[in-house]
Amino acid sequence: MINRRTFSKAVGLGTGAAAISLSGLQNQASAAAASHRTSGGPTPTVPTITPGTHTTFPTLKQVKAGVLDIGYAEAGPAHGPVVILLHGWPYDIHSYVDVAPLLADLGYRVIVPYLRGHGSTRFLSSRTPRNAEQSAIALDIIALMDALKIHRAVFAGFDWGSRTADIIAALWPERVKALVSTSGYVITNVKAQLVPAAPAVEHNWWYQWYFATDRGKQAMENLEERIALCRYVWTLVSPNWNFSDATFDRTAQAFHNPDYAAIVLYNYRWRIGLIEGEPRYDRYEKLLAAQPPIHVPTITLDPALDPFTPPGDGAAYRDHFTGRYEHRTIANIGHNLPQEAPTIFAQAVVDADRL
């Protein structure tokens, strides 16, 4: 999930004000797509499809990269411009099962990796610490790019995926052609996380505090309880998404990864300062603690029904993006934006590529 501090900055408007500000927002994606132009002609318009049109990826691969053997889906021509799509928690690559073919049909080479601790991604050594601080996950994706000989890509993500893409754009901008970041700037500042947030914000983060307890640890380490918890989170953060049992079950297979509990618990405990990170990542975390600006062309997306979306139409994080920039608030959509509204998400990727 996103950084609670980002949301907290804007919650001073009050929950009632937030509801009012979001209820009147209109989806800007179609209008932006129709009007956006480049020297190469008009921006392609992504075909409208019904969410859930696709259920599987045609190609799943594995590659050794850094400390991992990374599982990933691939679609589109091998020599097309690359788009890397990054999922969040508690989700997996199926968040992009409709987005990937839409982009592939437009000529993009689409890469959708399982993050560490998810799906078929495995650590190469049992001795490697099951670390999940933010820079470690970002370095996994840099290693994936190197292993696949991808120098530069368009990045798009939500939740952990937005954070990872934001970090790569901030620290390794030469690897990022453009960025689509759901929920805006979500790089974690651990020191800021130590300060209490507004009660409404803390309430949204109930699972984070649950994971800080032995009860939460036991629940995550029990497969049946872990899956039930993840499904419950889906219902809370995407209130309008009427997903099927089959849809959830396809993603829940990724939660069977033997390192899943360790990775999730580490990530949330580290973010609230309960555990120390590894020294090998200290230099990166020091840079990220300074909340570095992002200079690459960026489109930010706010799903209006996501409880973590701050009011203000992107105002809470706008100053972090110093390059070419657009913001869109997506009406009637919750946290899992790419799976709930694949056409809108894919269009944002195409548009960001042409900013």
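This text goes with the structure placed above it.
What comes next concerns the included structure.

### Brief notes about the pattern of salt bridges
Okay, step 1: Under the counting rule described, the total for this entry stands at 12 salt bridges.
Okay, step 2: One salt bridge in this structure joins Lys177 and Asp353, with 2.8 Å as the shortest N-O distance. Of this pair, Lys177 sits in strand E9 (residues 176-182) while Asp353 is found in helix H16 (residues 342-353), placing the two residues 176 residues apart along the sequence.
Okay, step 3: Of the residues examined, Lys177 reaches a relative accessible area of 34% and is grouped as partly exposed.
Okay, step 4: With relative accessibility at 13%, the residue Asp353 sits in the buried group.
Okay, step 5: Note that Arg328 and Asp351 form a salt bridge whose closest N and O atoms lie 2.8 Å from each other. Of the two residues, Arg328 sits in strand E11 (residues 325-330) while Asp351 sits in helix H16, which places them 23 residues apart along the sequence. By the burial criterion, Arg328 is buried, and Asp351 matches it.
Okay, step 6: Because the salt bridges share partners, they merge into one network encompassing Lys61, Glu74 and Arg109.

### Details of the packing of aromatic side chains
Okay, step 1: What the rule picks out here adds up to 28 aromatic pairs.
Okay, step 2: Note on Tyr185 and Phe321: the rings are 6.1 Å apart at their centroids and 80° apart in plane angle, and the pair reads as edge-to-face. Here Phe321 lies in the loop between strand E10 (298-303) and E11 and Tyr185 lies in the loop between E9 and helix H7 (190-193), a separation of 136 residues in the sequence. For the pair Tyr185 and Phe321, a shared accessibility class is recorded, and that class is buried.

### Things to note about unusual backbone geometry
Trans is the common state for peptide bonds, and a negative phi is the common state for residues other than glycine.
Okay, step 1: The step from Trp89 to Pro90 runs through a cis peptide bond, and the omega angle for that step is 0°.
Okay, step 2: In this structure, Pro90 sits in the loop between strand E5 (82-86) and helix H4 (99-104).
Okay, step 3: Unusually for a residue other than glycine, Asp159 sits at a positive phi of about 60°.
Okay, step 4: Structurally, Asp159 can be placed in the loop between strand E8 (153-157) and helix H6 (160-171).

### Digging into the side chain of Arg116
Okay, step 1: By the element assignment, Arg116 lies in the loop between strand E6 (109-113) and strand E7 (122-123).
Okay, step 2: Overall, Arg116 belongs to the buried group, its relative accessible area being 2%.
Okay, step 3: Those residues in contact with Arg116, other than ones at most four positions away along the chain, are Val67, Leu68, Thr121, Phe123, Asn131, Ala136, Ile137, Asp140, Ile263 and Tyr281.

### A few points about the pairing of E11
Okay, step 1: Among the 6 residues that make up E11, 5 are buried, leaving the element largely enclosed by the rest of the structure.
Okay, step 2: Relative to E11, E10 runs parallel, the two being bridged by 6 bridges. Residue pairing across strands places Thr300 opposite His327, the latter belonging to E11.

### Re the packing of helix H11 (residues 223-237) against helix H12 (residues 245-252)
Okay, step 1: Their axes nearest at 11 Å, the elements H11 and H12 cross at an angle of 125°. When the axes of H11 and H12 are compared, the pair comes out oblique. As H11 packs across H12, the resulting crossing turns out to be right-handed. Here Ile227, Cys230, Arg231 and Trp234 of H11 lie close against H12, whose contacting residues are Asp245, Thr247, Phe248, Thr251 and Ala252.
Okay, step 2: Of the residues that constitute the contact of H11 with H12, the class distribution is 5 nonpolar, 2 polar and 2 charged.

### Here's the deal with the side chain of Arg269
Okay, step 1: As for its placement among the helices and strands, Arg269 is situated in helix H13 (residues 260-271).
Okay, step 2: No salt bridge is formed by the buried Arg269; the nearest opposite charge belongs to Asp214, separated by 4.8 Å.
Okay, step 3: Of the polar contacts made by the side chain of Arg269, one reaches the backbone oxygen of Phe211; its length is 2.8 Å.
Okay, step 4: Beyond its immediate sequence surroundings of up to four residues, Arg269 is in contact with Phe211, Ala212, Thr213, Lys217, Leu274 and Ile275.

### Here we look at the packing of helix H5 (residues 134-147) against helix H14 (residues 282-289)
Okay, step 1: At their nearest, the axes of H5 and H14 sit 9 Å apart, and the two run at 110° to each other. Classified by the interaxial angle, the pair formed by H5 and H14 is roughly perpendicular. In contact with Gln134, Ser135 and Leu139 of H5, H14 contributes Tyr284, Glu285 and Leu288.

### Focus: the environment of Ile344
Okay, step 1: Positionally, Ile344 belongs in helix H16.
Okay, step 2: Considering only alpha carbons, one finds Ile344 and Leu301, 43 residues apart in sequence, at a separation of 9.8 Å.

Quick notes on the rules
Residue indices begin from 1 for each chain and proceed along its sequence in written order. Selection of residues for local features in this predicted model requires a pLDDT of at least 70, selection of side-chain atom pairs for listing and counting requires 80 or more, and totals for whole chains, interfaces and linings are taken over all residues. Computation of side-chain values covers all heavy atoms of the structure but excludes hydrogens and water. Only one rule defines a salt bridge in this text: a Lys or Arg side-chain nitrogen within 4 Å of an Asp or Glu carboxyl oxygen. Helical segments are the DSSP runs of H or I of at least four residues, strand segments are the runs of E of at least two, and each set is numbered from the N terminus. Three labels apply to residues, based on accessible area from a 1.4 Å probe with only protein chains included: buried if under 20% of the type maximum, exposed if over 50%, partly exposed otherwise in between. Within 6.5 Å between ring centres, the rings of Phe, Tyr and Trp (the latter by its six-membered ring) count as paired, and their orientation is classed by plane angle as stacked under 30 degrees, edge-to-face over 60, tilted in between. Residue contacts follow a heavy-atom distance rule, with two residues in contact if any of their heavy atoms lie within 4.5 Å. Only strands that DSSP links by at least two bridges are regarded as paired with each other. To get an axis, fit a line to the C-alpha atoms, keeping to the stretch in contact for a helix; angles then go from 0 to 180 degrees between the N-to-C directions. Every angle not falling under 35 degrees, over 145, or within 65 to 115 is termed oblique; those three ranges are roughly parallel, roughly antiparallel and roughly perpendicular. By definition, any crossing whose near helix is turned counterclockwise from its far helix by less than a right angle is left-handed, and any crossing with a clockwise turn is right-handed. Lys, Arg, Asp and Glu make up the charged group, whereas Ala, Val, Leu, Ile, Met, Phe, Trp, Tyr, Cys and Pro make up the nonpolar group; the residues left over, Gly among them, are polar. Two residue types count as positive, namely Lys and Arg, and two as negative, namely Asp and Glu; His and chain ends fall outside the count. Here a polar contact means two N or O atoms within 3.5 Å. Within protein one must be a hydrogen donor candidate and the other an acceptor candidate, and residues neighboring in sequence count only if both atoms are side-chain atoms.

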